[in-house]
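Next come the chains, spelled out residue by residue.
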Amino acid sequence: MHRTGTHRGLRRLAAAGVAAALALGLAACGDDKDDADSTSSSPSAAASAPAASPPPAAAYPVSITHKLGTTTIKEAPKRIVALGEADQDAALALAVSLTGMVETTPPDGIAPWAKPKLGASKPEIITMGENGAPIEKVLALKPDLILANTDYWIEQEYEKLSKIAPTTAFETGPSQDTWQQVTRQVGKALGKSAEAEKLVTDLEAKITAVGTTYPEVKGKTFALTNAQNAGTIAVLKDKSDGGVKLLNGFGMTFPDSIANLPGAGFAAELSMERLDVLEVDVLLSNYNADADLQKAIEANPQFAKLNVVKRGSYVALDSNDFWALRFATPLSLEYVIEKVMPRISQAAKVPRS
């Protein structure tokens, strides 16, 4: 799902559609992307795009097998375009510069966890459209490698993109590869497999260490919600959802009372009369950057009377917090551990009456 204007929510990306994409992410059963207008690029913009730091030449050629075929990269790429958020975060985490990357968080299209990794480089920001990447814009950037494992539309785009440059794709299914799979694939494509493996190992150790740093979260039940309007609240109920799995990895417990809610899809819409389902140890809620919506829900008597809210075990997440939790990347994981877990820890410390 692309959050921005998607943002996979924001654009996942994409800036204008942040709220829209966010909404789509929870309301739709299999599509978490929102529509975003694509923009054309000028020749001057393409010419000024920064070249990537060249990967080690000795690593090539390399071949990457995925569900859409085999991608062969004959020599070290110099102009790398990333069309998936996890792809670009993995590349940045491996200290590789990008010529182009997808729009994520407003106002500048760059997620707060990615920005520090850019340094002085200024990659072209690509806004994904309702059918995926604007092919002409990608072509204008003259890439010699396209990283697209987590591009939600890669199945529709793969043939066209592969004619521009070697293009990667998912190994399991659309938006289904784990952050470890994406990191290792990107590392191989960039000639940095050893560095990618170390990155995975180090991050997995940090995830495990969360239980030691915040022992109060161990075993605590949680609910992760997203509101689209003042009349209902969507709660994630799929055990395979990225946010659910990550919080499980931190030692928290996903209650069966939520997992067993009726209906297809990864979320269930709760009326204000059914908010009792949210009586958990820690309630995490997102409002799609809509302050008025947040105020309306928090003022609703049915919400305000929840014990989890009254005792202070309720955490209001902003859109970055929410999407960092739901769609883990090598960089967003660090963000969650450093920025979000301290707040969850405080909420978990409050004894449940």
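Structure first, text after, so check above.
Let us look at the structure shown here.

### Considering the overall build of the protein chain
- What the protein chain contains, in helices and strands, is 15 helices and 13 strands.
- Counting only residues that meet the buried cut, the protein chain has 58% of its 353 residues in that class.
- Taking the intrachain contacts of the protein chain between residues at least 6 apart in sequence as the baseline, contacts between residues at least 24 apart amount to 66%.

### Observations regarding the layout of surface pockets
- Looking at the second largest pocket, its volume works out to about 220 Å³.
- As for the second largest pocket, its lining consists of 13 residues, and the residues nearest its centre are Trp 113, Lys 117, Pro 330, Leu 331 and Glu 334.
- Secondary-structure elements contributing two or more residues to the lining of the second largest pocket are α4 (115–118), α8 (193–213) and α15 (332–349).
- Per-element accounting of the lining of the second largest pocket gives the leading share, four residues, to α15.
- By residue class, the composition of the lining of the second largest pocket is nine nonpolar, no polar and four charged.

### What to know about the sheet that holds strand β9 (residues 222–229)
- Strands sit in the order β11-β10-β9-β12-β13 across an open sheet of five strands; the sheet is mixed. What marks the edges here is a single partner per strand, and that holds for β11 (267–271) and β13 (314–317). On average, each strand axis in the sheet is tilted by 30 degrees relative to the strand beside it, whichever way the strands run.
- In this sheet, β11 lies alongside strand β10 (residues 232–236) in antiparallel orientation, the contact comprising five bridges. Residue pairing for β11: Leu 236 is matched across the bridge by Ala 267.
- Each of β9, β10, β12 (282–286) and β13 is contacted by helix α14 (residues 319–326), which is oriented at about 130 degrees to β9, the strand it contacts most.

### A short note on the environment of Ala 111
- Within the secondary structure, Ala 111 is located in the loop between β6 (100–102) and α4.
- Accessibility expressed as a relative area gives 4% for Ala 111, which makes it buried.
- As for Ala 111 and Asp 89, which are separated by 22 residues in sequence, their C-alpha atoms are 9.6 Å apart.

### Points about helix α9 (residues 242–249)
- Within α9 the residues assigned to the buried category are Gly 243, Val 244, Leu 246 and Leu 247. Here the buried residues of α9 occupy an arc of 165 degrees about the axis, which is enough to place them on one side.
- Packed against the buried residues of α9 are α8, β9, β12, α14 and α15.
- The opening residue of α9, the one whose side-chain oxygen lies 2.9 Å from the backbone nitrogen of Gly 243, is Asp 241.
- Gly 251 occupies a position one or two residues after α9 and carries a positive phi of about 100 degrees.

### Notes on the nonpolar core
- The biggest cluster of nonpolar side chains holds 90 residues, and the ones touching the most others in it are Phe 250, Leu 283, Leu 284, Phe 303, Leu 325 and Ile 344.
- At nine residues, α15 tops the list of elements feeding residues into this core.
- Phe 250 has contacts with Ile 207, Val 210, Gly 211, Val 217, Val 336, Ile 337 and Met 341, leaving out every residue within four places of it along the chain.

### Let's talk about the packing of α8 against α15
- The geometry of α8 relative to α15 is characterised by a closest axis approach of 10 Å and an angle of 20 degrees between their N-to-C directions. Compared by their axis directions, α8 and α15 come out roughly parallel. α15 is crossed by α8, and the crossing has left-handed handedness. Residues Leu 203, Lys 206, Ile 207 and Val 210 of α8 touch α15, and the partners they reach there are Leu 333, Glu 334, Ile 337 and Met 341.

### Some remarks on the side chain of Ser 332
- Tracing the chain through its elements places Ser 332 in helix α15.
- Residue classification places Ser 332 among the buried positions, given a relative accessible area of 0%.
- Residue contacts for Ser 332: discarding those within four places in its chain leaves Asp 89, Trp 113, Ala 324 and Phe 327.

### Overview of the packing of helix α7 (residues 179–189) against α8
- At a minimum axis separation of 7 Å, α7 and α8 run at an interaxial angle of 160 degrees. By the angle between their directions, the pair α7 and α8 is classed as roughly antiparallel. Handedness of the α7/α8 crossing: right-handed. Every residue of α8 that contacts α7 at Trp 179, Gln 180, Thr 183, Arg 184, Gly 187 and Lys 188 is listed here: Ser 193, Ala 196, Glu 197, Leu 199, Val 200, Leu 203, Glu 204 and Ile 207.
- Class assignment of the residues belonging to the contact of α7 with α8 gives a composition of six nonpolar, four polar and four charged.

### A look at the sheet that holds strand β7 (residues 124–126)
- Reading across the sheet, the four strands line up as β7-β6-β5-β8 and stay open at both edges, with parallel pairing between neighbours. In this open sheet, the two strands that pair with only one neighbour each are β7 and β8 (145–147). Here the strands of the sheet are splayed against their neighbours by 20 degrees on average, with no regard to which way each runs.
- Alignment of strand β5 (residues 80–82) against β6, held across two bridges, turns out to be parallel. When the bridges of β6 are listed, Ala 82 appears paired with Met 101.

Conventions adopted
- Residues numbered from 1 in each chain as written.
- Predicted model: local features only at pLDDT ≥ 70, side-chain atom pairs only at ≥ 80, totals over all residues.
- Heavy atoms only, no water.
- Helix = DSSP H or I, 4+ residues; strand = E, 2+ residues; numbered from the N terminus.
- Buried < 20%, exposed > 50% of the residue type's maximum accessible area, 1.4 Å probe, protein only.
- Contact = heavy atoms within 4.5 Å.
- 1 Å grid on protein atoms, 1.4 Å probe; cavity = no way out; pocket = protein on both sides within 12 Å on 5 of 7 lines; lining within 4 Å.
- Points joined across faces, edges and corners; volume = space filled by probe spheres on them.
- Nonpolar A, V, L, I, M, F, W, Y, C, P; charged D, E, K, R; others polar.
- Pairing = 2+ DSSP bridges.
- Axes fitted to C-alpha atoms, helices over the stretch in contact; angles between N-to-C directions.
- Arc of directions from axis to C-beta.
- Polar contact = N/O pair within 3.5 Å; in protein donor to acceptor, adjacent residues only side chain to side chain.
- Core = buried A, V, L, I, M, F, W, Y, C linked by side-chain atoms within 4.5 Å.
- Parallel < 35°, antiparallel > 145°, perpendicular 65-115°, else oblique.
- Left-handed = near helix turned anticlockwise from the far one by under 90°.

These values are about where atoms sit, not about what they do.
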